Amino acid sequence: MTSSQIQHRLTEYFRSAYGTDCDLLARAPGRVEFIGNHTDYNGGLVMGAAIDRSIFAAVRKRDDAALRFASEFSPERPERRLDDLSKFDGEQSWANYPLGVFATLLNEGLRTENGFDLALASDLPAGAGLSSSAALETGVGLALASLYGLEISKADLVRIGRAVENDFLGVPTGPLDQSCSGFGERNQLVFIDCRTLNVELVPFPAECRIHIFNSGISHALVDSLYSKRHDECREALRLLRQNQSDLEHLADAPESALDALPSDTPADVIKRARHVIRENQRVLTTRTALTEGDIERTGRLLIESHESSRTLFENSCPELDTLVEILAETPHVHGARLSGGGFGGTVIALTSEAFGADETRRVQDAYEKAHGRRLETLACNVADGAELLPTD
Ligand code: ADP
Ligand code: MG
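What you see is a predicted model; the values in this text were computed from it and never measured. (Residues numbered from 1 in each chain as written. Chains lettered and ligands numbered in written order. Predicted model: local features only at pLDDT ≥ 70, side-chain atom pairs only at ≥ 80, totals over all residues. Heavy atoms only, no water.)

Examining helix α9 (residues 318-328)
Convention followed: Categorising residues by exposure relies on relative accessible area from a 1.4 Å probe, with only protein chains included: less than 20% of the type maximum marks a residue as buried, more than 50% marks it as exposed, and the intermediate range marks it as partly exposed. Secondary structure is summarised from DSSP: a helix means a run of H or I of at least four residues, a strand means a run of E of at least two, and numbering begins at the N terminus for each. By definition in these notes, contact holds between two residues if any of their heavy atoms fall within 4.5 Å.
Along α9, eight of the 11 residues are buried, which leaves the element largely enclosed by surrounding structure. Glu319, Leu320, Asp321, Thr322, Leu323, Val324, Ile326 and Leu327 are the residues of α9 that are buried. In this fold, the buried residues of α9 make contact with β8 (208-218), α8 (295-313), β9 (333-339), β10 (344-352) and α10 (357-371).

Things to note about the sheet that holds strand β11 (residues 376-380)
Note the cut-off: By the convention used here, strands pair only if DSSP detects at least 2 bridges between them. To get an axis, fit a line to the C-alpha atoms, keeping to the stretch in contact for a helix; angles then go from 0 to 180 degrees between the N-to-C directions.
Judged by pairing direction, the sheet is antiparallel, and its four strands sit side by side in the order β9-β10-β8-β11 without closing on themselves. Lying at the two open borders of the sheet, with one neighbouring strand each, are β9 and β11. Averaged over all pairs of adjacent strands, the angle between strand axes in this sheet comes to 20°, irrespective of strand direction. Inspection of the sheet shows β8 paired to β11 by five bridges, in the antiparallel sense. Its bridge partner being in β11, Ile210 is matched across the sheet by Cys380. Against the sheet, α10 contacts β8 and β11, and its axis sits at roughly 20° relative to β8.

Re the site of ligand 1
What counts, and what does not: When we say a residue is near a molecule or strand, we mean one of its heavy atoms is within 4 Å of it. Think of a polar contact as two N or O atoms within 3.5 Å of one another; within protein, one of them needs to be a possible hydrogen donor and the other a possible acceptor, and neighboring residues in sequence only count if both atoms come from side chains. For the accessible areas, the method is Shrake-Rupley and the probe is 1.4 Å, while residue cover comes only from the protein chains on display. Three categories are distinguished: nonpolar for Ala, Val, Leu, Ile, Met, Phe, Trp, Tyr, Cys and Pro, charged for Asp, Glu, Lys and Arg, and polar for the others, with Gly belonging to the last.
Within the structure, ligand 1 sits among 15 residues, and Ser71, Gly127, Ser131, Ser132 and Ser133 are positioned closest to it. Note that an oxygen atom of ligand 1 is positioned 2.6 Å from one of the side-chain N or O atoms of Ser132. The fraction of the free accessible surface of ligand 1 (560 Å²) that becomes covered by protein chains is 78%. Among the elements of the structure, β5 (116-122) and α3 (132-147) are those that each provide at least two residues to the shell around ligand 1. Per-element accounting of the shell around ligand 1 gives the leading share, three residues, to α3. When the residues that make up the shell around ligand 1 are grouped by side-chain class, the tally is eight nonpolar, seven polar and no charged.

Remarks on the domain arrangement of the protein
Short version of the rule: Domain delimitation in this document rests on an assignment produced automatically or drawn from a domain database. Note on terms: buried area is the combined drop in 1.4 Å-probe accessible area of two parts once they are placed together, counting the loss on both. Salt bridge, as used here, is a side-chain nitrogen of Lys or Arg placed within 4 Å of a carboxyl oxygen of Asp or Glu.
Each assigned domain of the protein is listed here: domain 1 (3-205 + 383-389) and domain 2 (209-380). A C-alpha centroid distance of 27 Å is found between domain 1 and domain 2. Across the contact, 29 residues belong to domain 1 and 42 residues belong to domain 2. For the pair domain 1 and domain 2, the summed buried surface comes to about 2800 Å²; carbon and sulfur atoms form 69% of the total. Put simply, domain 1 and domain 2 have two salt bridges between them. The tally of links between domain 1 and domain 2 comes to 15 residue pairs in polar contact (both at pLDDT 80 or more). Residue assignment for the side of domain 1 that touches domain 2 shows that the elements contributing at least two residues are β1 (24-35), β2 (45-61), β6 (188-193) and β7 (198-203). No other element matches the seven residues that β2 contributes to the side of domain 1 that touches domain 2.

Things to note about the nonpolar core
Convention followed: Among buried residues, those of type Ala, Val, Leu, Ile, Met, Phe, Trp, Tyr and Cys that are joined through side-chain atoms within 4.5 Å constitute a nonpolar core.
Formed by 63 residues in total, the largest nonpolar core has its most connected members in Phe34 and Leu144. Residues from two domains meet in this core; each of domain 1 (3-205 + 383-389) and domain 2 (209-380) gives at least three. Setting aside anything within four residues of it in sequence, one finds Leu144 in contact with Val59, Pro98, Val101, Phe102, Leu105 and Phe116.

Some remarks on the packing of helix α2 (residues 96-107) against α3
Two packed helices can be described by the angle between their axes and the distance between those axes. Stated formally: To sort the angles, those under 35 degrees are grouped as roughly parallel, those over 145 as roughly antiparallel, those from 65 to 115 as roughly perpendicular, and the leftovers as oblique. The sense of a crossing depends on the near helix, which, turned anticlockwise from the far helix by less than a right angle, makes the crossing left-handed and, turned clockwise, makes it right-handed.
Close contact between α2 and α3 brings their axes to 9 Å; oriented N to C, the two are set at 45°. In terms of axis orientation, α2 runs oblique to α3. Relative to α3, the crossing made by α2 is right-handed. Along its contact with α2, which presents Tyr97, Pro98, Val101, Phe102 and Leu105, the element α3 presents Ser133, Leu136, Glu137, Val140, Gly141, Leu144 and Ala145. Partitioning the contact of α2 with α3 into residue classes produces nine nonpolar, two polar and one charged.

Quick notes on unusual backbone geometry
Positive phi, normally seen in glycine, also occurs at Asn187, with a value near 55°. Examined against the element boundaries, Asn187 turns out to sit in the loop between α5 (176-183) and β6. Backbone geometry at His332 places phi at a positive 70°, although glycine is not the residue there. Position of His332 relative to the elements: it lies in the loop between α9 and β9.

Structural data, given as structure tokens:
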């Protein structure tokens, strides 16, 4: 379904939910992590892309103080009032994202006596590692800021979205998701310095696509595995600081500093640190390769990134490794790597346009043969970030 078809569907849905037309519409995309695995919380670099799958938000200002929420995603129609922004729970929890956006705008100085009606539609799968939550925050942020006549920059949108996630909902996410959703542009990757939050755009070859393969694996212990990796990175930084007291972030350490660590440093701690330091360099090298239009080299860097996750950071799993192996042997694939937290989840591939249904089927069949699971796939273009849309 095209973007304008979803837009049309949403305006109809808004009308049926609220019995009136919406005042305005906005759209914000999901994202993939292109390269830079577990570099974000180590003060490093990461590159992502906004994809051509989005959440669409329609809003209308009300004369009274009611805040009403509707989404095609859910039969629930939660409501609040301006003087009660308490969080929803259970089946209504999805509305905490738009509620949190509004609460954050109020925190930042919005004054109003008017509530709103809000409706959502989407062609972005939720909970599939494509950051539908950030798309929701960024899209609703843009819609509500415009509805209330606030000047809002892309950097503001990113900051507000992160505040919803980190402060309102208490989920400690990095800057990648909202930065891609807010700053993304067609055929441009979003390069983020997680220390300064500075964002740059890096050209993505127009003849390439990003294919996303969902392994269907979700590790039961994933939260404790992530927190173990966080602890190991923190321990590496603590030890490195004993030799270099002004070292602020693990990603800034030279790899040679690892040789000077005490001899009883756990091998795993050194491996995690080596991954972070090398991966950070790899993000820089990938930026150079892309700027030079060197697609083959970019592809090799993706494979190297996966190897590093597999052997040093040890956040891969057999299914993800199989996928990368299959993809490396498939025509029209330049490179592939696990994308996101790891221990399951997704693999992305940089492909040429010629990668089509035959190649997709070939990868699915080989994966099913190896692991007995059907593979979900999504072919994406690198697309524009959040924008207001004309109402029809
Ligand atoms: P991800 O961000 O990786 O997609 P999250 O668990 O962070 O996964 O966010 C998914 C949640 O975002 C859903 O459970 C739901 O609460 C909300 N969400 C996503 N898409 C929609 C939608 N179209 N309408 C309402 N809520 C949505
Ligand atoms: Mg999310």
